[in-house]
Every structure is written in structure tokens, then in C-alpha cells.
Amino acid sequence: MSPLTLTPIGVIRSPHREAAGAPIQPAYAAAEGRVIVEPAYAEALADLEGFDRIWLLYWFDRARPWMPRVVPYRDTRTHGLFATRAPARPNPVGMSVVRLLRREGRELVVGGIDVLDGTPLLDIKPYVPAWDAWPDARAGWLDARRAAREVADGRFHREE
Ligand SMILES: C[S@@+](CC[C@H](N)C(=O)[O-])C[C@H]1O[C@@H](n2cnc3c(N)ncnc32)[C@H](O)[C@@H]1O
């Protein structure tokens, strides 16, 4: 496969400075963050205010090299990487549904951020319940709920 080139469209600001202690999903996150979009893309934010929640797609820029099997935060057993949301991925793309609290020009104030400060932003999409929510879907090993952890440690973080 040919390599792809991605250019960040902005940056995500958050109070989370390091992996250890950061929430593992927006569902467990209370903190507010800011999504700062580069001026070249500001016009593309038009009409986003009507959405309660948005998808953020971003690059886990501080993740350790990927591993085919991992022990995810919500279990004590090993699982295939692609059956998890672990940050250490071949293409370390993260996705978070966050609350859109308000827009201030080319900045979005969001609630429930599970992203580290300074994370490169790749894309923004509206969250549409009719398309994105399937509450009765099976969730594989997560349905067994072997670990109730809600914050990360350093296991997927790269060595400094
Ligand atoms: C388990 S991941 C889930 C992220 C996203 N909601 C998803 O499902 O793709 C969340 C953890 O990723 C780590 N993280 C967040 N931003 C990161 C970054 N820029 N580089 C490396 N790790 C990051 C933090 O430790 C955070 O607790």
C-alpha cells in the first residue's frame, strides 16, 4: 500500500497533559477542551452550532509503537488491537464524541474531552444519533466488564 500524507487541520487543547490519569473515553470525562481550527478551515465550521455532539478525529502523537495484541484498560486479558480502542495503533487515529458547548470563531469549546493537550486534529464531523447510535449492539469482550477502569495509565504511551 502507498503511504498517505495527512495534514492536521488544527489542534486540540485540553487540561490532560499526560496519559496517566486521563479519562479513557469521553463517557468518563468531565473536563472541557478547545478545538482550535487553522484559519484556512474556519469557514468549514459553519452550521456546526446546531449539533449537540461532534466527532473529533485526531492523531495519537504520543502513543508507543503499535502492538498486535494488547491488554486494554477495561479488561485484564489480552485482545487483538483492532478489537480495542488502544492508542498504540499502526495508524494512530483517535475518535471521540464530545459535547459541543459553543463556538467562538474558529475555536470550539467542547465538553468531555479524553484527548491530551496539543493533539493534532485531523477532522471534525457532526454526531448524528440516527446514524451513529446503536445502543443494542453487542460490544464483544467489553460486555463482560472485567475491569471498571475509567482513567488511563502509561501503558500505551511512548517512552520520552
Ligand atoms: C483509550 S484512548 C481512547 C480515545 C478515543 N476516545 C478512541 O476511542 O479512539 C484514550 C487515552 O488515549 C490517550 N491519549 C489521548 N491523546 C493522546 C495522544 N495525543 N497521544 C497519545 N495518547 C493519547 C490518553 O491516555 C487517553 O486516556
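Let me sum up the structure you'll find in this document. In this text, all values refer to a predicted model and were calculated from it rather than measured experimentally.

1. Regarding the nonpolar core
Where a protein is soluble and globular, its nonpolar side chains tend to be buried together.
Move 1: Membership of the largest hydrophobic core comes to 17 residues, with the highest contact counts inside it found for Val35, Ile54, Leu56, Leu108, Val110, Leu121 and Ile124.
Move 2: Breaking this core down by element, the ones donating at least two residues are strand 2 (32–37), strand 3 (53–59), strand 6 (93–104), strand 7 (107–111) and strand 8 (119–126).
Move 3: For this core, the element with the most residues is strand 3, which contributes three residues.
Move 4: In contact with valine 35, other than residues within four places in its own chain, are Val11, Leu56, Arg106, Glu107, Leu108, Val110, Leu121 and Ile124.
Move 5: Ranked by size, the runner-up nonpolar core spans nine residues in total, among them Met67, Val70, Tyr73 and Ala152.

2. Quick look at the site of the ligand
Move 1: Among the 22 residues in the neighbourhood of the ligand, the closest are listed as Pro23, Asp61, Arg85, Asp114 and Thr119.
Move 2: Taking glutamine 25, its side chain carries an N or O atom lying 2.9 Å from a nitrogen atom of the ligand.
Move 3: Residue serine 96 places a side-chain N or O atom 3.2 Å away from a nitrogen atom belonging to the ligand.
Move 4: Protein coverage of the free-state accessible area of the ligand, which is 600 Å², stands at 97%.

3. Considerations on the sheet that holds strand 3
Move 1: Around the barrel, six strands lie side by side as 1-2-7-6-3-8; this closed barrel has antiparallel pairing. Geometrically, the sheet is characterised by an average inter-axis angle of 45 degrees between neighbouring strands, direction not taken into account.
Move 2: In this sheet, strand 8 lies alongside strand 3 in antiparallel orientation, the contact comprising five bridges. Pairing of tryptophan 55 across the sheet is with lysine 125, part of strand 8.

4. Regarding the pattern of salt bridges
Move 1: Counting across every chain of the model gives 10 salt bridges.
Move 2: The salt bridge partner of arginine 149 is aspartate 153, with a shortest N-O separation of 3.5 Å.
Move 3: With a relative accessible area of 30%, arginine 149 lands in the partly exposed category.
Move 4: Classification of aspartate 153 as partly exposed rests on a relative accessible area of 22%.
Move 5: In the salt-bridge network here, residues are joined through shared partners; they are Arg34, Arg102, Glu104 and Glu107.

Calculation criteria
Residues numbered from 1 in each chain as written. Predicted model: local features only at pLDDT ≥ 70, side-chain atom pairs only at ≥ 80, totals over all residues. Heavy atoms only, no water. Core = buried A, V, L, I, M, F, W, Y, C linked by side-chain atoms within 4.5 Å. Buried < 20%, exposed > 50% of the residue type's maximum accessible area, 1.4 Å probe, protein only. Helix = DSSP H or I, 4+ residues; strand = E, 2+ residues; numbered from the N terminus. Contact = heavy atoms within 4.5 Å. Near = heavy atom within 4 Å. Polar contact = N/O pair within 3.5 Å; in protein donor to acceptor, adjacent residues only side chain to side chain. Areas by Shrake-Rupley, 256 points an atom, 1.4 Å probe, with all protein chains shown as cover. Pairing = 2+ DSSP bridges. Axes fitted to C-alpha atoms, helices over the stretch in contact; angles between N-to-C directions. Salt bridge = Lys/Arg side-chain N within 4 Å of Asp/Glu carboxyl O.

Any functional reading would require information that these geometric values do not contain.
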